[in-house]
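So the chains spell out like this:
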2 protein chains.
Amino acid sequence: MPNKLKTLKTLLGEVADLRQILAVLEWDQNVNMPPGGSEARGQQLASLGRIAHEKATSKKLGKLLDELKSEFTDPDTDEGALVRVTARDYEKAARVPPKFVAKQAIITTKAFEAWVEAKGKSDFSIFRPHLEKVVKLAQEYISFFPPADHPYDTLLNDYEPGMKTADVQAIFDALRPKQVELIKTIKSAKQVKDDFLYKKYSEEKVWKFGETVITQFGYDWSRGRQDKAPHPFQTTFSVNDTRITNRFEENNPFATLFSAMHEAGHAMYEQGSNPAYERTPLAGGTSLAVHESQSRLWENLVGRSLPFWEHFFPLLKKTFPSKLDGVKLKQFYKAINKVEPTLIRVNADEATYNMHVMLRLELEIGMVEGKFAVKDLPEIWNAKMEEYLGIVPPDDAKGVLQDVHWSSGLMGYFSTYALGNMISAQLWEKINEDITDLDEQIRSGKFDALLGWLREKIHIYGRKYDPQDMVQRVTGSRINPDAYVRYLTKKYNAIYEL
Amino acid sequence: MPNKLKTLKTLLGEVADLRQILAVLEWDQNVNMPPGGSEARGQQLASLGRIAHEKATSKKLGKLLDELKSEFTDPDTDEGALVRVTARDYEKAARVPPKFVAKQAIITTKAFEAWVEAKGKSDFSIFRPHLEKVVKLAQEYISFFPPADHPYDTLLNDYEPGMKTADVQAIFDALRPKQVELIKTIKSAKQVKDDFLYKKYSEEKVWKFGETVITQFGYDWSRGRQDKAPHPFQTTFSVNDTRITNRFEENNPFATLFSAMHEAGHAMYEQGSNPAYERTPLAGGTSLAVHESQSRLWENLVGRSLPFWEHFFPLLKKTFPSKLDGVKLKQFYKAINKVEPTLIRVNADEATYNMHVMLRLELEIGMVEGKFAVKDLPEIWNAKMEEYLGIVPPDDAKGVLQDVHWSSGLMGYFSTYALGNMISAQLWEKINEDITDLDEQIRSGKFDALLGWLREKIHIYGRKYDPQDMVQRVTGSRINPDAYVRYLTKKYNAIYEL
């Protein structure tokens, strides 16, 4: 390896180590930390975040990248991709002052704790001053960058390199009327019965069933684990240590099962990243939307499909004989795909899910623009919920406080959830071309060809290709809603006999 | 606060944060990490360890300490103690090259994993090459320091500031014959029946009973937690996040209970440290021996006393009615204090425990001197076990592989376990002078006066006073075996009717 490239990898390796350690601290904060630990954890995150940022933006690294940029120009080589992606990360990070990073860590640590309390008590006023600070942080962050077409572009770009607010709005504008129409049609069709899903299921058995399913998917437990946390998430400490969290809600036991598949989808993407990319910026997933395409593919395209339940329903009935007594496969399949506007995004059905995302995108853009004041957020949230989904949250815990993201300073993020859905359907059409007996395989509980395809076409490349390029390479088209609309229409036509 | 002192605290705060983060990584490695995570964790520990070391030995910090040393000379003030302790830590750390620290992290991470495997398979050959590297590390470490009276002094000094190998040997030489004589006398007395301790107890109930006990002791769960790990230990991420681990051994269920008390004793010491010392080197316990005096005090002086069981035995009988059917309080008390040479140090009774420590001290000194080769260690271990305790381990898992310490690079450490026993007895005599109805309080399940005394006399001072000075201040004498011998003799005279 040329000497300069070796130096680059040494510098990047150290930064990668520190970032992985930050992830360990955050995971522990969510999964284990006793309440007393909060203040010190904030200081630890601030100190380490500052050091990681200093190292990631050092003059030495910048100079080295400048030199390497002219040497490694072919983006199709790993070296070219490494230099390109690293230089882009560097140029972005170098614009953000270390003091800002430290301040951000302290504010978001406190905001997270406040959110947990506020959600527990369903009291937005506890979270409000913290969210105001988070919005100011986002605006200050934007101010470090050259003016974009829209201020929100700067935030979006951190999660979806190469995409603009206007691109997303165009995709959403094309999707929205079709999705609204579908919801309307379904509303007037004969409704699906799903009361048997909301009985009192044993937490332990549901948890174990989820583990059985994701084990069969191919989630590698020797390189991961599943723990309880207030919110399901996936985190990566290395290609060989990618963990997931989950929760159990008494009143929605099956959410635990689908969350397990969802987070395992994320984790398997990370577990499939090229080991040669470890400790460099090429490791991991290329964007949040592509990441979400993996989680939603396993959760929905696989986990809510008829072939999947043709395989797993007998085991499910054996696990819960009294709860599912007399319930037939088709009934169950329809029930888990029931379309009904609901309050909580993560548990929303596929037909209404994207409406939640569109709502949040508008709110975020409004907050960032300063058009919406944080104090008015619960009211705006509730009004938009009524407009888009025809329902109003009874309290803030089930409304504006439901998502963890803002408390962690994550803004610019939400649209990727809907983009992920679209990509998952684009991939699914392509996979079915390549694996012609996919349904039959799933019906037999076999997922290795599917996981193998995803590994070979997507996972192995890590961050080598930007999301739009990746989707183009694999499916022949850029991100668009057509496949998703086809998928939804076909699926719900059958379920609701439209 | 004068400006220089403020700068000092900022620099020290960052180092403290990084060291606490290292502790989080190590805790996670023991408690949660999937096997695949090992290699990356080693790199993370190495990178962060190197940075922490660089920061702790920066020229800026050295210069500042030099200036402050002449300004703050009174060791009885917090500022004077801070400068004194920090300067000593600094001078020691500055002798150790960053490359050595990084190498040490990588070697010990691998050694720990190898030890887990070797112990599981009871195969010393798996651990041997790693231990050889650990011994070389210890020798290399010693070489960074000026020659001491004995090379082992340098290692000991990291755990017991101010004590020399010769001091410890003198204390042990005074103790050994008395302890040997006691063991001999007990051996020829009427033996105690304890078969009811080794029935099949429910793991969950034993674990919960331990939690009940340490809650009553005063362990603050809002600032801690207890998890499973291969080896019980206590770790500190801040004064408000001090965690303990424990394990359950089918064939020795009560060990879990006494380990809980032991580790809670450590944790309560850390929880009682002056909050004003947070993020400075004054936070935490002053030495391992004083630390061990706290854990052993709660485990033995309290937890294996008759008054303690006068309070807790009814609850224990209620928890395990069938196991303890017909067992009387006195019988139970005698059983948990049964003297019998055993293979495992952590579960050893109070009369034989120190013999295990003396064995390890001799082995460590031998390895450091190069007198003992690592490959011969199992044989030497077994020979010494036979000499000191009259028993030979059937395999290496129960012999030379039983302790985690060497795998983590901890050498110079073991004698502090025996010194801790001695200090605990010295403190106990003093506490009984100050709290005249202590037995009565314990009999009523009240521990607040006891914990309050320990907090006020010891915990609150953190590392302000060195161990010998601390013991002298509190008890009027330096560390010596007299109180411990008095305690053991009185206790066992009663139990064995000698």
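Residues numbered from 1 in each chain as written. Chains lettered and ligands numbered in written order. Predicted model: local features only at pLDDT ≥ 70, side-chain atom pairs only at ≥ 80, totals over all residues.

A.B. asks: So what about the overall build of chain A? Which residues, and what values?
C.D. replies: Looking only at helices and strands, chain A features 20 helices and three strands. The C-alpha radius of gyration computed for chain A amounts to 22 Å, which stays within 12% of the reference 23 Å derived for 498 residues, consistent with globular compactness. Oriented by its inertia axes, the alpha-carbon framework of chain A measures out at about 70 × 50 × 45 Å. Scored against the burial criterion, the 498 residues of chain A give a buried share of 47%. (Helix = DSSP H or I, 4+ residues; strand = E, 2+ residues; numbered from the N terminus. Rg over C-alpha atoms; globule rule 2.2 N^0.38 Å. Buried ≥ 20, exposed ≤ 12 C-beta atoms within 10 Å, placed from the backbone.)

A.B. asks: Outline helix H10 (residues 253–271) of chain B, listing residues and values.
C.D. replies: In a regular helix each residue adds 1.5 Å, so 19 residues correspond to 27 Å; H10 of chain B covers 27 Å between its end C-alpha atoms and thus fits that length. Counting buried residues in H10 of chain B gives 18 out of 19 residues, a clear majority hidden from the surface. (Expected span 1.5 Å × (residues − 1).)

A.B. asks: Describe the relation of the copies chain A and chain B, and please don't skip the residues or the numbers.
C.D. replies: Between the two copies, chain A and chain B, the superposition gives an RMSD of 0.0 Å; the rotation angle is 180° and the shift along the axis is 0.0 Å. What the rotation and shift describe, once combined, is the action of a two-fold rotation axis. Here 97% of the contact residues of chain A are again contact residues in chain B; the copies associate through an equivalent surface. (Least-squares fit on C-alpha atoms with pLDDT ≥ 70 in both. Contact = placed C-beta atoms within 7 Å.)

A.B. asks: Lay out the pairing of strand S2 (residues 234–238) of chain B in plain terms, naming residues and giving numbers.
C.D. replies: Residue and element names in this part refer to chain B. Of all five residues in S2, five are buried, a share of seventy percent or more. One ladder, built from four bridges, connects S2 with strand S3 (residues 241–246); its direction is antiparallel. Pairing of Gln 234 across the sheet is with Ile 244, part of S3. Hairpin connection between S2 and S3: a loop of two residues separates the two successive antiparallel strands. (Pairing = 2+ DSSP bridges.)

A.B. asks: Residues and numbers for the interface of chain A and chain B, please.
C.D. replies: Across the boundary between the two partners, chain A contributes 31 residues, which contact 30 residues of chain B. Its residues assigned to classes, the side of chain A that touches chain B shows twelve nonpolar, eleven polar and eight charged. (Nonpolar A, V, L, I, M, F, W, Y, C, P; charged D, E, K, R; others polar.)

A.B. asks: Got a sec to walk through the sheet that holds strand S3 (residues 241–246) of chain A? Specific residues and values, please.
C.D. replies: Strand pairing in a sheet relies on backbone hydrogen bonds. The paired strands run either parallel or antiparallel. Residues and elements named next belong to chain A. With respect to topology, three strands assemble into an open sheet ordered S1-S3-S2, the strand pairing being mixed. Unpaired on one side and paired on the other, strand S1 (226–228) and strand S2 (234–238) mark the two borders of the sheet. Sheet twist, expressed as the mean angle between neighbouring strand axes with direction ignored, is 30°. Set on the sheet, helix H10 (residues 253–271) makes contact with S1, S2 and S3; between it and S3 the angle comes to about 165°. (Axes fitted to C-alpha atoms, helices over the stretch in contact; angles between N-to-C directions.)

A.B. asks: Any chance you could break down the nonpolar core for me, citing the residues and the numbers?
C.D. replies: When a protein is soluble and globular, its nonpolar side chains tend to lie buried together. Counting 99 residues, the largest nonpolar core has Phe 217, Met 261, Ala 264, Ile 423 and Tyr 492 of chain B as its most contacted members. Element by element, the count of residues in this core is highest for H10 of chain B, at nine residues. Looking at which domains feed residues into this core, each of domain 1 (3–150) and domain 2 (165–495) of chain B gives three or more. Ignoring anything within four residues of it in the chain, the contact list for Tyr 492 of chain B reads Leu 182, Ile 186, Val 339, Ala 351 and Leu 498 of chain B. By size, the runner-up hydrophobic cluster in this structure holds 98 residues, among which are Ala 111, Ile 183, Phe 209 and Tyr 496 of chain A. (Core = buried A, V, L, I, M, F, W, Y, C linked by C-beta atoms within 7 Å. Domains from an automatic or database assignment.)

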